[in-house]
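The lines below spell out each chain.
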Amino acid sequence: MVELLHPLLSNLNPDTGLMDPYDTHRQVRLGDMPNHYLSGHLHGSSALNQDTVLYEVFELSVPEKAGDMIPCSTILHPGLVGDEFFMTKGHFHKNREAAEIYYCLHGEGLLLMQQDDECIVKQMNQQTLIYVPAGWAHRSVNVGSEDLVILAVYPADAGHEYGFIEKSGFAKRIFSNGEKGYIVK
Ligand code: F6R
Ligand code: ZN
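Now for a description of the structure that goes with this document.

Conventions adopted
- Chains are numbered independently. Their residues run from 1 in the order of the written sequence.
- A letter from A marks each chain and a number from 1 marks each ligand, given out in the order of writing.
- Given that this is a predicted model, residues contribute local features only at a pLDDT of at least 70 and side-chain atom pairs are listed and counted only at 80 or more, while totals for whole chains, interfaces and linings are drawn from all residues.
- Calculation of side-chain values draws on the structure's entire complement of heavy atoms; hydrogens and water are dropped beforehand.
- By the criteria applied, helices consist of DSSP H or I runs no shorter than four residues and strands consist of E runs no shorter than two, each listed in order from the N terminus.
- In this setup the radius of gyration rests on C-alpha atoms only. A globule is expected at 2.2 Å times the number of residues raised to 0.38.
- For every accessible area listed, the method is Shrake-Rupley and the probe measures 1.4 Å; residues are considered covered only by the protein chains on display.
- Positive charges are assigned to Lys and Arg, negative charges to Asp and Glu, while His and the chain termini are left out of the count.
- Every charge is mapped to an atom, namely NZ of Lys, CZ of Arg, CG of Asp or CD of Glu.
- A pair of strands is labelled paired if DSSP reports no fewer than 2 bridges between them.
- Here, axes are lines fitted to C-alpha atoms. For helices the fit covers the stretch in contact, and angles between N-to-C directions go from 0 to 180 degrees.

**Structural notes on the overall build of the protein chain**
Part 1: For the protein chain, the helix and strand inventory stands at one helix and 17 strands.
Part 2: For a compact globule of 185 residues, the expected C-alpha radius of gyration is about 16 Å, and the protein chain comes in at 16 Å, within 12% of that figure.
Part 3: Here the C-alpha coordinates of the protein chain stretch approximately 55 × 35 × 30 Å along the principal axes.
Part 4: Here the protein chain has roughly 10,000 Å² of accessible surface; of this, 51% comes from carbon and sulfur atoms.
Part 5: Taking the average place of the 13 positive charges on the side chains of the protein chain and the average place of its 24 negative ones, the gap between the two points comes to 7 Å.

Have a look at this one:
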């Protein structure tokens with residue numbers, strides 16, 4: 001017999017990204033990303049240490065089966081590692097048929113999406129909705145001075161594959177231009 005999930009309700013604050021209630025809260029620290037930034041951990045970033053929280057993800061837990069969807073918020077803090085802006089690890093979905101919807105609630109960011117040799121960069125500002133098609137790796141980057149807050153909804157059986165991006169990165173990186181802007185290289 002199929003067990004039906006009961007409706008879930010949470011309050012998602014669009015300015016802070018906090019969800020109440022939530023089931024899981026993941027904090028990603030600089031020390032969790034030893035291979036993602038070009039400059040390595042602490043080079044040129046005296047205000048940072050291994051425990052610096054770069055971003056946080058709140059989720060409602062939903063059974064990981066086809067047909068269900070997971071709602072979550074990401075809060076990507078502002079800052080630089082060397083001259084690269086704080087970014088998420090980035091991943092493919094293990095299930096390459098699983099797409100995702102991103103909706104930016106607060107802040108200024110970029111969403112990198114990559115498939116084979118193609119890497120597309122889209123701007124995210126408050127109210128930007130981006131459909132990440134199945135098969136595209138995705139990474140958020142905070143290029144602003146406030147928290148970047150995103151609501152994402154994805155298939156509960158998507159799964160996450162981090163290894164390829166950790167090893168090979170994205171074809172484009174986002175650097176500070178030394179003032180308030182960014183450079184894509
Ligand atoms: C879920 C998704 C987002 C990210 C979150 C953190 O499929 O794309 O909720 O999980 O923004 O990024 P990662 O997972 O790359 O650490
Ligand atoms: Zn995803």
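Still more ground to cover, so stick around.
**Points about the pairing of strand S14 (residues 148-155)**
Part 1: Looking at chain direction, strand S5 (residues 69-76) and S14 are connected through eight bridges and run antiparallel. Its bridge partner lying in S14, Leu76 is registered against Leu148.
Part 2: The pairing of strand S9 (residues 100-106) with S14 spans five bridges and is antiparallel. Bridged to Cys104 within S14 is Ile150.

**A short note on the sheet that holds strand S3 (residues 24-29)**
Part 1: Read from one edge to the other, the open sheet built from six strands follows the order S3-S4-S5-S14-S9-S12, with strand pairing classed as antiparallel. A strand with exactly one partner marks an edge of an open sheet, and here the two such strands are S3 and strand S12 (129-132). Each strand axis lies, on average, 20° off the axis of its neighbour in the sheet, ignoring direction.
Part 2: As defined by bridge partners, S3 adjoins strand S4 (residues 53-59) across six bridges and the pair is classed as antiparallel. Residue pairing for S4: His25 is matched across the bridge by Phe58.

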